[in-house]
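Tertiary structure, described
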Amino acid sequence: MSPRVLLRFRTLRCWTLGLCLLVTAAFATPPPQSKVTDKPIKVSGLSSDKALALGERMYREGILPSGEPMQAVVSTDIPVVGTSFSCMSCHLRGGLGSWEGGIVTLPTNGAKLAQARYWKFPNLSPEERQSMSLKVAPQARPAYTDETLAHMLRTGVDPSRRELHYVMPRYDLSDQDMAILIHYLRSLSMDLSPGADATTIRFATVITDEVSPEDQRDMLVPMNNYINLHNQLSKGFGTRGYYSVDGDEMIGAYRRLSLSVWKLHGAPGTWAVQLQAYLDKDPVLALVGGLTYGDWKPIHTFCETRKLPCLLPLTELPVVSDSDWYTQYFSKGYYQEGQAAARFLHQKGDPASSGRILTISQDGAEGAALARGFRETWSELGGEAAVEVQLEKGEVLSPSRLQAILQKEKPVTVLCWTGGSSFQALDALAGRDGQPQVVFMSSRLLGSKVYDLPEKARGFTWLTYPYRDPKEEPNVSKYAETLMAGMKERHSPSRIATRTFSMIQVLKQGLMDMNRFFYRDNFMDRISMQRDQVLPDYLRLSFGPGQRYASKGCYIMQLSPGPKGELMRMSEWVIH
Amino acid sequence: MTRRTWNLAGLLLGLWSMVAPGLLAQAPAPTKRSIETYTVPEVTLVNQNGAKVNLKAVLESGEPVILDFIFGTCTTICPVLSAGYANLQAKLPVESAKVHLISVSIDPENDTPKVMRDYLKRYRAKPGWDFLTGRREDIDKVMRAFGAYIPNKMAHYPLTLIRDRKTGKWIRLFGLMSSSEFIEECRKDEVL
């Protein structure tokens, strides 16, 4: 383009832009004008805490203080109730908004509402804009007052008289309910969370004292390699920020990372106190990874109570919950294997007529989680409750003990949630009259002994296998070696190093997406908005708001005959 | 181009800018409508009750059918699409109650029958609205068959498909619709 044409084009652009702005303003309903106030509307008759609790329920669940659902209109004329989808559905729990399917949901948190929004560099603070001489940049909207915010929530028209996208519901709220909601929005993600300052984001990882030095090393080496690599890069960047793929949004977001190791000693009942002491001394933004051989529940509960994120701890004994929010797990662990067995059986036939089922589980949390996963899923699928037998502490399932149980219960299917010590009993089953048709075992509980499954039992034994098909794994796991410098044994059966690597990939993406909005809730929101990841160990890790178990799958396998038996897939990754 | 032409173009654009924002502010952006021929793949999916569903048989049963693609934890598009379905069901006259609304999950790993049941309950769905999940390979086949394939569920787009019972063709509506627009489309296509 010649300079002259360019000049004309610019003139035209200015004309058009000017007219557009002028006319948009003329058509939209004018919002009430008032000065920006730092003080939220007083909620008459309610304490601030009570108003916050009621406002939170409106924001998250779409329920009015009266207990009735909020009423709104979306897409011009579609009535919608708050219990179908709430503010949180789109703006997310931290209020920083989302991007999905080409629709940008703007931030609605306290800090952002109290600031003017600019078309260019919208993430800069007013002080930064001032220092960069950007204060005269065109505004998308001025800061919201309580009055203009109420007007926008009712009409969809913001203080610059711009009408927001029609997917933003227009809410029908009384003055009192509106005041409660605004009171909550003003407090939402207002002050940055502890754990991040102008130069550093601090993380910690939890290790309990029974974890072997080898396993600790498998987790800590890749973690420290990543932190060192990141911090080496940050020497070049400082906190100056860098440009993301889509422009300028990452200004000022870059931070060094630090990792503390929080070692927990003694009985799980004392861990909460120890964790609190660590947190008081060293406030971190989130926990990352983490290792214990036992139940993760005490750490989970601490994180839930303190609203402290915990990203992908290396545990097979997570808390299985539909509503808990602050821990993102790899999977439901042993529970998920029990679940897969139930779904597989259901897929094979009508649960109501599938015959008697017997569960034998070893003593301990692993056997209990496997049994519970099956029990709850089978019941949900309409199956009749299985007979459950739990072995005594340290008891081995001997051939005579198994025969005695089978003669008494006469099951068609046996879920044998025990280790390799039961192989002799299984071997003795083969060819006997009245033996069960199918036996399920957990490959994770069997560990490397899975390949020692007796030849005669292979035909009727189904193995729950919660990882990628071993034949396909090496290619993907090789990728993880980028962070395993300094490790001799890189692929231990415990998969600690490779899963740590996967945790780091998810963390890296989460940090990028969190931008400079270092709120703990926003950290979890950004993790949950990630696209699916193909990483070592699990066939697929997938995310979504409220989804807290990234791997949803578990194969049912059988071991092929012969001295070098191979695992053969007998099911889909995810069984419906 | 002469100076006069530039000025005229500027004036016309300016005039358009006077009208467009006012119009666009009142109603959703117009949906992109096209008539398409699709071959429904031979796949068996699973509905919210855990029952197996032969997709081809359901879609080509001769009953009025509307199809969309959603997932249970979607943030923005699916809630609006589903509010549209719920509103349509609420407005359906009794004699048209046979219209079959189908939502196919694009997050089949998370959308188990239980998740789908809970989702439909949230939208106060009535019988006649089924949410289907299945093997990822099968879901991919369905998405591809309807020109709706997306590798990343977070990047999906709003799409509603109405089957024309007479011709077997599909009316493809790209974009989010208002209630009146959706009902008008259904009337036009004799679904109502």
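These figures come from a predicted structure and were not determined experimentally.

Side note on the overall build of chain A
- Across its full length, chain A carries 18 helices and 19 strands.
- The buried share of chain A, taken over its 576 residues, is 44%.
- Restricting the contact set of chain A to residue pairs at least 6 apart, pairs at least 24 apart contribute 66%.

Here we look at the overall build of chain B
- A count of helical and extended segments in chain B gives six helices and eight strands.
- A buried classification covers 42% of the 192 residues belonging to chain B.
- Taking the contacts inside chain B whose residues are at least 6 apart along the sequence as the reference set, 74% of them involve residues at least 24 apart.

Here we look at the sheet that holds strand S18 (residues 555-559) of chain A
All names here are of chain A.
- Strand order across the open sheet formed by seven strands is S14-S13-S15-S16-S17-S18-S19, with mixed pairing between neighbours. The open sheet has two free edges, formed respectively by strand S14 (387-390) and strand S19 (567-569), since each of these has just one partner strand. Averaged over all pairs of adjacent strands, the angle between strand axes in this sheet comes to 30°, irrespective of strand direction.
- Pairing analysis gives four bridges linking strand S16 (residues 438-442) to strand S17 (residues 461-465), with the strands arranged parallel. Across the sheet, Phe 440 pairs through a bridge with Trp 462, a residue of S17.
- Set on the sheet, helix H12 (residues 365-380) makes contact with strand S13 (357-361), S14, strand S15 (413-417) and S16; between it and S13 the angle comes to about 160°.

Topic: helix H18 (residues 520-528) of chain A
All names here are of chain A.
- Here H18 lies mainly inside the structure; nine of its nine residues are buried.
- Every buried residue of H18 is listed here: Arg 520, Asp 521, Asn 522, Phe 523, Met 524, Asp 525, Arg 526, Ile 527 and Ser 528.
- In this structure, the buried side of H18 is in contact with strand S10 (286-288), strand S11 (310-311), strand S12 (327-328) and helix H17 (496-514).

Thoughts on the confidence of the model for chain B
Residue and element names in this part refer to chain B.
- Across chain B, the average pLDDT comes to 86, with 82% of residues at or above 70.
- With pLDDT under 50 throughout, residues 17-27 is counted as low confidence; its partners more than four residues away or in other chains account for 18 contacts.
- Across the predicted assembly, pTM comes out at 0.89 and ipTM at 0.87.

Observations concerning the packing of H17(A) against H18(A)
Residue and element names in this part refer to chain A.
- For the pair H17 and H18, interaxial distance at closest approach is 8 Å and the crossing angle is 115°. Judged by the sense of rotation from one axis to the other, the crossing of H17 with H18 is right-handed. Contacts between H17 and H18 involve Val 506, Gly 510, Asp 513 and Met 514 from the first element and Asn 522, Phe 523, Arg 526 and Ile 527 from the second.
- In terms of residue class, the contact of H17 with H18 is built from four nonpolar, two polar and two charged.

Quick notes on the nonpolar core
Residues and elements named next belong to chain A.
- Within the largest apolar cluster, 182 residues are counted, with the highest numbers of intra-cluster contacts made by Ala 286, Leu 287, Leu 311 and Leu 415.
- Broken down by element, this core gets its largest block of residues, nine residues, from H17.
- For Leu 287, the residues in contact, after removing those within four places along its chain, are Ala 204, Thr 205, Val 206, Cys 303, Leu 308, Pro 309, Cys 310 and Leu 311.

Section: the pairing of S18(A)
Residues and elements named next belong to chain A.
- Where burial is concerned, most of S18 is hidden: four out of the five residues are buried.
- Sheet topology places S17 next to S18; three bridges connect them, and they run antiparallel. What sits directly across from Leu 463, in S18, is Met 557.
- In the sheet, S18 pairs with S19 via three bridges, with the strands oriented antiparallel. In the strand pairing of S19, Gln 558 is matched with Met 568.

Quick notes on the environment of A:Val320
Residues and elements named next belong to chain A.
- Checked against the element boundaries, Val 320 lands in the loop between S11 and S12.
- The partly exposed category is assigned to Val 320, around which 19 C-beta atoms lie within 10 Å.
- In the structure, Val 320 is positioned 16 residues away from Gln 336 in sequence and 9.4 Å away in space, judged by C-alpha atoms.

Notes on the domain arrangement of chain A
- As far as domains go, chain A holds domain 1 (30-187), domain 2 (200-333 + 472-531 + 540-545) and domain 3 (347-465 + 556-569).
- The C-alpha centroid of domain 3 of chain A is placed 55 Å from the C-alpha centroid of domain 1 of chain A.

Quick look at unusual backbone geometry
Residues and elements named next belong to chain A.
- Even without being a glycine, Thr 76 presents a positive backbone phi close to 75°.
- Topologically, Thr 76 is positioned in the loop between strand S1 (71-74) and strand S2 (78-81).
- Of the residues examined, Thr 76 has 17 C-beta atoms within 10 Å and is grouped as partly exposed.
- The backbone of Leu 92 sits at a positive phi, close to 70°, despite the residue not being glycine.

Concerning the sheet that holds S1(A)
- The strand order across the open sheet built from three strands is S2-S1-S7 (chain A), with neighbouring strands paired in antiparallel fashion. On the outer flanks of this sheet lie S2 and strand S7 (170-172) of chain A, each paired with one strand and no other. Put simply, the sheet's adjacent strands are angled 30° from each other on average, direction ignored.
- Sheet strands touched by helix H3 (residues 77-91) of chain B: S1 and S2 of chain A. Its angle to S2(A), the strand with the most contacts, is close to 105°.

What counts and how
- Residues numbered from 1 in each chain as written.
- Chains lettered and ligands numbered in written order.
- Predicted model: local features only at pLDDT ≥ 70, side-chain atom pairs only at ≥ 80, totals over all residues.
- Helix = DSSP H or I, 4+ residues; strand = E, 2+ residues; numbered from the N terminus.
- Buried ≥ 20, exposed ≤ 12 C-beta atoms within 10 Å, placed from the backbone.
- Contact = placed C-beta atoms within 7 Å.
- Pairing = 2+ DSSP bridges.
- Axes fitted to C-alpha atoms, helices over the stretch in contact; angles between N-to-C directions.
- pLDDT = per-residue confidence, 0-100.
- Left-handed = near helix turned anticlockwise from the far one by under 90°.
- Nonpolar A, V, L, I, M, F, W, Y, C, P; charged D, E, K, R; others polar.
- Core = buried A, V, L, I, M, F, W, Y, C linked by C-beta atoms within 7 Å.
- Domains from an automatic or database assignment.

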